[in-house]
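Structural features, examined
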Amino acid sequence: QAAGSIHGVDKRSYGLTQTVVRNYAVGLVMQPLAKVADLQDLLIIADISSDTTQSGVACGVALRYTNDKTFTMIYIDRKGGYGLYQTSGGHGVLARYDLSKDIKTANLSVNRLIIVAEQTLIAVYINGKLIDRSDGQLASGQLGLAIYNYQVASARCEFDNVSVQMLTAG
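Let us look at the structure shown here. Predicted model, so just to flag it, every value in this text is computed and none were measured. (Residues numbered from 1 in each chain as written. Predicted model: local features only at pLDDT ≥ 70, side-chain atom pairs only at ≥ 80, totals over all residues. Heavy atoms only, no water.)

Looking at the pairing of strand 7 (residues 70-77)
To be explicit about the condition: Throughout, exposure labels follow a simple rule: accessible area from a 1.4 Å probe, protein chains only, divided by the maximum for the residue type, with under 20% read as buried, over 50% as exposed, and the rest as partly exposed. The helix count covers DSSP runs of H or I at least four residues long, the strand count covers runs of E at least two residues long, and both are numbered beginning at the N terminus. Pairing between strands is defined by DSSP: at least two bridges between the two strands are required.
Most of strand 7 is tucked away, with eight of its eight residues classed as buried. Because side chains alternate across strand 7, one face comprises the buried residues Thr70, Thr72, Ile74 and Ile76, and the other comprises Phe71, Met73, Tyr75 and Asp77, equally buried. The sheet contact formed by strand 6 (residues 57-67) and strand 7 spans seven bridges and is antiparallel. Bridge pairing in strand 7 places cysteine 59 opposite isoleucine 76. Connecting strand 6 to the antiparallel partner strand 7 that follows it, the hairpin turn spans two residues. Bridge count for strand 7 against strand 8 (residues 81-88) is six bridges, and the pairing is antiparallel. Bridge pairing in strand 8 links tyrosine 75 to glycine 83.

Here's what the structure looks like:
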């Protein structure tokens, strides 16, 4: 917000253009989007691309994030896979991963990710197709953009046309 990248529409929605998250090591890097720590029911839309020579790189959205051990991550990787991972207190409570022919895998290809999060239910659409609908345990927390390297890599995820809409009054 301070850099002028986030454009508020009203108190219940905001947008973001051309933001990059980088990672050079194995693991997760998350860039928070808002200071609000108890976001609940959300509609999130983002155009995501990655720039790396490695296939073991995932770009996505971290929601219901309270700390490094309690969060939900929805991601797309360079292998043509998508995942939904939820951990609470460092213990995995939901883990889904599958490949999809609907995911564009070439370097710098843009995939549209749409997430509907209502209470503990999470619906995930990639490039207009419903690919997952899961019920987890976490219902609120922070929101951020995320990159996860499965292996050491110089990787960058670009997020464009990000739109976040609160679905209930907060």
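Focus: the pairing of strand 11 (residues 121-126)
On a regular strand, each side chain points to the face opposite its neighbour's, so the side chains alternate between the two faces of the sheet. Relative to strand 11, strand 10 (residues 111-118) runs antiparallel, the two being bridged by six bridges. When the bridges of strand 11 are listed, isoleucine 114 appears paired with tyrosine 125. Here strand 10 folds back onto strand 11 in antiparallel fashion, the turn holding two residues, of which glutamine 119 has a positive phi close to 50°. Here strand 11 runs beside strand 12 (residues 129-135); their pairing, made up of six bridges, is antiparallel. By the bridge assignment for strand 12, tyrosine 125 is matched with leucine 130. Following strand 11, the chain reverses through two residues before pairing antiparallel with strand 12; asparagine 127 in that reversal takes a positive phi of roughly 50°.

Some points on the packing of aromatic side chains
Here is the rule we go by: Here a pair means two rings of Phe, Tyr or Trp (six-membered ring of Trp) with centres within 6.5 Å. Their orientation is stacked below 30 degrees between planes, edge-to-face above 60, and tilted elsewhere.
In the structure shown here, the tally under the stated rule is four aromatic pairs. Here the aromatic rings of tyrosine 75 and tyrosine 97 are separated by 6.4 Å at their centres, their planes lie at 25°, and the arrangement is stacked. Taken as a pair, tyrosine 75 in strand 7 and tyrosine 97 in strand 9 (residues 91-99) lie far apart in primary sequence, 22 residues in all. On the basis of relative accessible area, tyrosine 75 is assigned to the buried category, the value being 13%. An aromatic cluster of at least three residues, connected via ring pairs, comprises Tyr65, Phe71 and Tyr85.

Describing the state of the cysteines
For the record, the criterion: A pair of cysteine sulfur atoms is labelled a disulfide when the two atoms are within 2.5 Å.
The final tally for this structure, using the stated rule, is one disulfide. Cysteine 59 shares a disulfide with cysteine 157; S-S distance 1.9 Å. Between cysteine 59 and cysteine 157, the S-S dihedral sits near -75°, and the bridge is therefore left-handed. With cysteine 59 in strand 6 and cysteine 157 in strand 14 (residues 155-166), this pair connects stretches of sequence that are 98 residues apart. Relative accessible area serves as the criterion here: at 0%, cysteine 157 is assigned to the buried category.

Topic: the pattern of salt bridges
Rules: By salt bridge we mean one thing: a side-chain nitrogen of Lys or Arg within 4 Å of a carboxyl oxygen of Asp or Glu.
Enumeration over the complete set of coordinates arrives at six salt bridges. Close ionic contact of aspartate 102 with lysine 101 constitutes a salt bridge, the shortest N to O distance being 3.9 Å. For aspartate 102, a relative accessible area of 23% gives the class partly exposed. With relative accessibility at 76%, the residue lysine 101 sits in the exposed group. Between lysine 129 and aspartate 102 there is a salt bridge, with its nearest N and O atoms 3.3 Å apart. Placement of lysine 129 in strand 12 and of aspartate 102 in the loop between strand 9 and strand 10 is noted, with a sequence separation of 27 residues between them. With a relative accessible area of 40%, lysine 129 lands in the partly exposed category. Among the charged side chains, a salt-bridge network with shared partners connects Asp51, Arg156 and Glu158.

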